[in-house]
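# Overview (structure and organization)
Residue-level listing of the chains:
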Amino acid sequence: MKPKAYIETTVISYLTAWPARDVVVAGHQQITRDWWQNAADRFELVASELVVNEASAGDPDAARDRLAALDSVTLLDATEESLELAQQLLESGTIPEQAPEDAAHIAIAVTNGVEYLVTWNCRHIANATMRSQIDAVCRNAGFEPAIICTPDELMEPDHGNE
């Protein structure tokens, strides 16, 4: 059985966006495209209705592209447990109150037993200074935390070209 990877909205946005002028963003876009090519072979790709809602916003053409990318992704339910965990992440100050969607992404992934949460949101989710706090809140609530990472951290190893 393949491990589950929760695809947070930023991954879909980087995957489908027009090439950026900013070299760092352009690099993230290319890494995302490279990772996406084989991701479904290695992982069961999952998201949530929250990702669909966020991907639907903005420019209609861009939203259509983002939603098309989500067609093959299984949607997980936001349960009462995930709502409670998201609230705990916010109330503990682990995730800032102004970022409830970020807490919800983490909580939906964790309460559904997802192994990896894949994101480019390095401000509130894939943030090294916050990971131990996120893990602690999840464990205190009785859940094993997901491994929070960016697509480049999940790239298939290239053992021949190291």
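Just so it is clear, the structure is predicted and the values come from calculations on it, not from any experiment.

## Some thoughts on the overall build of the protein chain
Across its full length, the protein chain carries seven helices and five strands. Listed N to C, the secondary structure of the protein chain is β-α-α-β-α-α-β-α-α-β-α-β in terms of helices and strands. A globule of 162 residues ought to have a C-alpha radius of gyration of about 15 Å, and the protein chain, at 15 Å, matches this closely. Taking all 162 residues of the protein chain together, the buried fraction comes to 43%. Carbon together with sulfur atoms contributes 49% to the accessible area of the protein chain, which is approximately 8700 Å² in total.

## Observations concerning the packing of helix 5 (residues 80-91) against helix 7 (residues 128-140)
It is the contact of helix 5 with helix 7, at a shortest axis distance of 10 Å, that shows an interaxial angle of 135 degrees. In terms of their interaxial angle, helix 5 and helix 7 are classed as oblique. The handedness of the crossing between helix 5 and helix 7 comes out as right-handed. For the pair helix 5 and helix 7, the contacting residues are Leu85, Gln88 and Leu89 in the first and Ile134, Val137 and Cys138 in the second.

## Topic: the pairing of strand 1 (residues 4-7)
Relative to strand 2 (residues 44-48), strand 1 runs parallel, the two being bridged by three bridges. Opposite Lys4, over in strand 2, you have Glu44 as the bridge partner. As paired strands, strand 1 and strand 4 (residues 116-118) are joined by three bridges and run parallel to one another. Each residue of the ladder has a partner; that of Tyr6, found in strand 4, is Leu117.

## What about the packing of aromatic side chains?
If you walk through the whole model with that rule in mind, you get four aromatic pairs. Ring centres of Phe43 and Tyr116 lie 5.6 Å apart, and the angle between their planes is 80 degrees; on these two criteria the pair is classed as edge-to-face. Placement of Phe43 in the loop between helix 2 (23-42) and strand 2 and of Tyr116 in strand 4 is noted, with a sequence separation of 73 residues between them. Linked through ring pairs, Trp35, Trp36, Phe43 and Tyr116 together constitute an aromatic cluster.

## What to know about the nonpolar core
One finds Tyr6, Ile7, Trp35, Leu45, Ile95 and Ile106 to be the most contacted residues of the largest nonpolar core, which totals 48 residues. Considering every element that reaches this core, the biggest residue donor is helix 6 (residues 100-111), with six residues. Not counting residues within four places of it along the chain, the set of residues in contact with Tyr6 comprises Val46, Ala47, Ser48, Val51, Leu76, His105, Ile108, Ala109, Val114, Tyr116, Leu117 and Val118.

Calculation notes
- Residues numbered from 1 in each chain as written.
- Predicted model: local features only at pLDDT ≥ 70, side-chain atom pairs only at ≥ 80, totals over all residues.
- Heavy atoms only, no water.
- Helix = DSSP H or I, 4+ residues; strand = E, 2+ residues; numbered from the N terminus.
- Rg over C-alpha atoms; globule rule 2.2 N^0.38 Å.
- Buried < 20%, exposed > 50% of the residue type's maximum accessible area, 1.4 Å probe, protein only.
- Areas by Shrake-Rupley, 256 points an atom, 1.4 Å probe, with all protein chains shown as cover.
- Axes fitted to C-alpha atoms, helices over the stretch in contact; angles between N-to-C directions.
- Parallel < 35°, antiparallel > 145°, perpendicular 65-115°, else oblique.
- Left-handed = near helix turned anticlockwise from the far one by under 90°.
- Contact = heavy atoms within 4.5 Å.
- Pairing = 2+ DSSP bridges.
- Phe/Tyr/Trp six-rings, centres within 6.5 Å; stacked < 30°, edge-to-face > 60°.
- Core = buried A, V, L, I, M, F, W, Y, C linked by side-chain atoms within 4.5 Å.

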